[in-house]
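# Structural overview
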Amino acid sequence: MGEPVPPTLPPTQLPGDRLDSWKEIAAYLNRDVTTAQRWEKREGMPVHRHLHDKVGSVFASRAELDTWSRTRNPAVEPPGDNESEEPFPTPVSQPPHPSTSESRTRWKIALPLLAVVFALVIGVALLLQRAEYFWRSPIADARFQTVTDFDGVEQAATISRDGHFVAFLSDRDGHMDVWVTQVGSGEFHNLTHGQVTDLINPLIRTLGFSPDGSLVTYWFRRQNASNSGSDIGVWAVPTLGGQPRPYLEGAAEFDWSRDGSRLVYHTPGPGDPLFVSDDGLLSKSPPIFTAPAGLHSHFPLWGPDAAFIYFVQGTLPDKLDIWRIKPVGGAKERITSHTSRVSHPVFLDQRTLMYLASASDGSGPWLYSIDVERRVPHRLTFGLDRYTSLAASADGRRLVVTRANPKRTLWRVPIGEAPAEVPATARIPLTTSTASSPRLGQGYLLYVSSNGTSESIWRLDNGASTELWSGAGAKVFGGPAIAPNGRSIAFSVRQQDRTLLYLMQADGTNARIVTEALDLQGAPAWAPDGQSLTSAVNNHGVPRLYRIPIDGHAPAGLVLDSSTDPVWAPDGSFVVYTGPDVGTRFPIKAATTKPAEAAADRPVPTLTLSRGARHLVFLPGSRALLFLRGEIQHKDLWRIDLDTGAERQLTNVAPDFDIRDFDISPDGREVVLERAQEHSDVVLLDLPRR
C-alpha cells in the first residue's frame, strides 16, 4: 500500500497565504460563494482542488487572487441574482493574524508619540497652573457693608479674631481717638476720649486686638520725648471700655501666632529689629532679623502654620515689598516684587495672602492677593478709591478695610512776627481738582495736579492756571525745583517702571531728560550755580545724595550715608539733608562741598523731626532753615537759625489741618501750604466659604 500523495501547492503560495474553502475564498473577495464559483468557471479565477478528495474541496492562494484581480477581464454577461454590476474591488491583502514583529513595531512608534503627547498635556497644565490661568478673585462674591459714615477721617481699622468687633481711629469727637463697634449693632464707643495724643502712623499697623478679643491695642508716641525709641510703645484698653494700660512697652508692632503661644514684634530702633518671644514678654534674645541701615521692616505677621514670619521691608514710603523669614532667623525670602507702597498683609487661608499696594504709576493703594508659593500677584480692586488699612478675622472669612477719598488743596499764609493763623479765605482757588507740592517762583506758583491715572505740572499766574508738562501714567515725586535764576524747572518722574530727571524752561518749553539711568528718590535740588542738580539715588537699597550735572556729564556721589531731600545753602558752601528714619523720627544733617570720599558732616544745631514731611527750605538770603514740626499728621511751620540755634514757630494751624508740603516766596514774606484731607469710611467684607 503506497504512501498518500500530499496536495499540490501552487508555486506562488506562501505559508499563511492559503484559503481552504469556497467560503473563505468568497469572504476574501467580498462576494458570495455562487459569484466566486462563477468567476472560477468563466474568468479563470485561480482555484485549486485537493487530490483524492471530494470535488467540492478546494483551496486558493491570496497572492494569486490578488494578481488575478489586477489583470481581470470579466466576460460580458447579465448579472445574476447575487452579483452586482460594480467593478470587482481590490481585495485587502492583510493576513488575518498580523505577525508579532509587526505589532511590536507599531507599539514602538506609538508609545513614544503617546509619551510626547502626555508630556505636552502635563506641561501645559503645569504652566496654566503656575500662571494661575484659572485664578478667581477671593473677594469676587464678597458682601460689602459700610460700617461707618462719619464726617471726617476714619483710619487703621482692625477686627477681632472671631470677627465680632471692629476697632478704628476717628476724629468724630474733634480729636483722634480709638473707637470700637460690635458688628451689626450700629453702636460706636469712644475708648480713649482724648486721653491719648499722636495715635496716627499710617506706615504701620497701629491698632489690634488681644487673642481673646478682650483688649484693643494701639500704637502711640509720647510727645517731647527723646529719639531713643523709648517714646514709642503699644498700650491697650478694654474692648468694653476702661482705663488704658501698657501692653508692650518699647515695641512698635506685634502679632500673635494662631494658637496664641508665640509673639513676634519689632522695636523702633534702627532697622526695626524683629524679635520672637515664647512667653508673651519682650524677648531677651537677639533679634532674628534687623534691616540694613536706611531700610525698615514693618507689619510682622505669623504664617498660618507658624513656619514663617511675614513682614514688609524696604525704603519708606513707597519702595517696599513683602518678605518672609523663619522664626529662628536665617535668610529672608522675597514674596512680592512691587517696589511700591506695600502694607497690611493678612492671610485668608494657608497660602492666600492679601495686602495693600500701589501701582507702578503711584496710584492706589489697592487690594491685592497672592499665593505665597506661586507668587503671581493679582489686583482685586479698581477705581479712584484708595485703601489705607486692611485686617482679617482668624478664619479669613471677614475682612475690614478703610476706604479713603483723598483731597489736596493749597493755602497762602503771610509770614509775620507772631505765628500765623490760617483763615478760610487763605485757600488758593485753582481750576484743577487737586494740587500738591507747591513751589513759588518770582510772580508765579508751580504745583502738581493728578487726574487719577497720571500727574502733571501746572503754573498759576495772576489767577490763571496753565499746564506746563504732562505724561501718560507719570507720577511726579518730590515736587518741582525752580533754578536760582528762575528760568528753568527740574523735576523727577516715575513712568513705565523707570525714574526720569527732567529739565524744562519756566514756561514749559524745551523739556528734556537729564538722566534716566538712576533710581531717583525724593525731590531734586539746584546747586547755587545752576549747573547741577542734587538728588537722592537708591544705591544698593540705601538712598545717597548724588550731584548730577545738567550738561550730560557723569553723576558723582556727594554723601555716602543714607540721605534724602537736599537743600543747598545760598552761598553753596554746604548742603542740608534728612537722614534715615529711626522709629518715627529722622535727623537733619549737613555736609560740606568736599568730594564724597572726604565729605564730613557740618555741625548744625541738633534737630530731629517727625515722619510725615521732609521738605526743607532756606529763608531767602539767610542761614535760617524752614521745616515742619509736630505730630505725623499735624504739623506747623518753624524756622531755625543754623548759626545760633534759635527757633521760632511761624504758623498755628487747626487740629484738622494736615500740612504735607510748603514753599516760601522769593521775598520771604509768605508761604504756600499743601493741606491733605481724607474723607474715609470703614467697610466690612464678608467672604463666602471657599
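Coordinates for the structure precede this section.
What comes next is a walk through the structure. This one's a predicted model, so the numbers in the text were calculated from it and none came from an experiment.

With six of its six residues buried, strand S22 (residues 366-371) lies for the most part within the structure. Looking at chain direction, strand S21 (residues 352-357) and S22 are connected through six bridges and run antiparallel. Across the sheet, the residue bridging to Thr352 is Asp371, located in S22. Across two bridges, the pairing between S22 and strand S23 (residues 378-379) is antiparallel. The residue bridging Tyr368 from the neighbouring strand is Arg379, located in S23.

Glancing now at the packing of aromatic side chains. Note on aromatic pairs: each is described by the distance of the centres and the angle between the planes. Enumeration over the complete set of coordinates arrives at 17 aromatic pairs. On the basis of an interplanar angle of 40 degrees and a centroid distance of 5.3 Å, the ring pair of Phe289 and Phe311 is categorised as tilted. Placement of Phe289 in the loop between strand S15 (274-277) and strand S16 (296-302) and of Phe311 in strand S17 (residues 309-315) is noted, with a sequence separation of 22 residues between them. Assigned by exposure class, Phe289 and Phe311 land together as buried. An aromatic cluster of at least three residues, connected via ring pairs, comprises Phe150, Phe168, Trp179 and Phe188. Just above the ring of Trp366 sits the side chain of Arg379; from NZ or CZ to the centre is 4.0 Å.

Here we come to the packing of helix H1 (residues 22-29) against helix H2 (residues 33-42). Where H1 contacts H2, the two axes come as close as 8 Å, and the packing angle between them is 90 degrees. Considered as vectors, H1 and H2 are oriented roughly perpendicular to each other. On H2, the residues touching Trp22, Lys23, Ala26 and Leu29 of H1 are Val33, Ala36, Gln37, Trp39 and Glu40. When its residues are assigned to classes, the contact of H1 with H2 shows six nonpolar, one polar and two charged.

A word on the sheet that holds strand S7 (residues 177-182). The strand order S5-S6-S7-S8 describes an open sheet built from four strands, whose pairing is antiparallel. Looking at which strands have only one partner, the edges of the open sheet turn out to be strand S5 (154-159) and strand S8 (189-190). Looking at chain direction, strand S6 (residues 165-170) and S7 are connected through six bridges and run antiparallel. Paired with Phe165 across the strands is Gln182, a residue of S7.

Basis of the calculations
- Residues numbered from 1 in each chain as written.
- Predicted model: local features only at pLDDT ≥ 70, side-chain atom pairs only at ≥ 80, totals over all residues.
- Heavy atoms only, no water.
- Buried < 20%, exposed > 50% of the residue type's maximum accessible area, 1.4 Å probe, protein only.
- Helix = DSSP H or I, 4+ residues; strand = E, 2+ residues; numbered from the N terminus.
- Pairing = 2+ DSSP bridges.
- Phe/Tyr/Trp six-rings, centres within 6.5 Å; stacked < 30°, edge-to-face > 60°.
- Lys NZ or Arg CZ within 6 Å of the ring centre and 35° of its normal.
- Axes fitted to C-alpha atoms, helices over the stretch in contact; angles between N-to-C directions.
- Parallel < 35°, antiparallel > 145°, perpendicular 65-115°, else oblique.
- Contact = heavy atoms within 4.5 Å.
- Nonpolar A, V, L, I, M, F, W, Y, C, P; charged D, E, K, R; others polar.

Read these as geometric descriptors, not functional statements.
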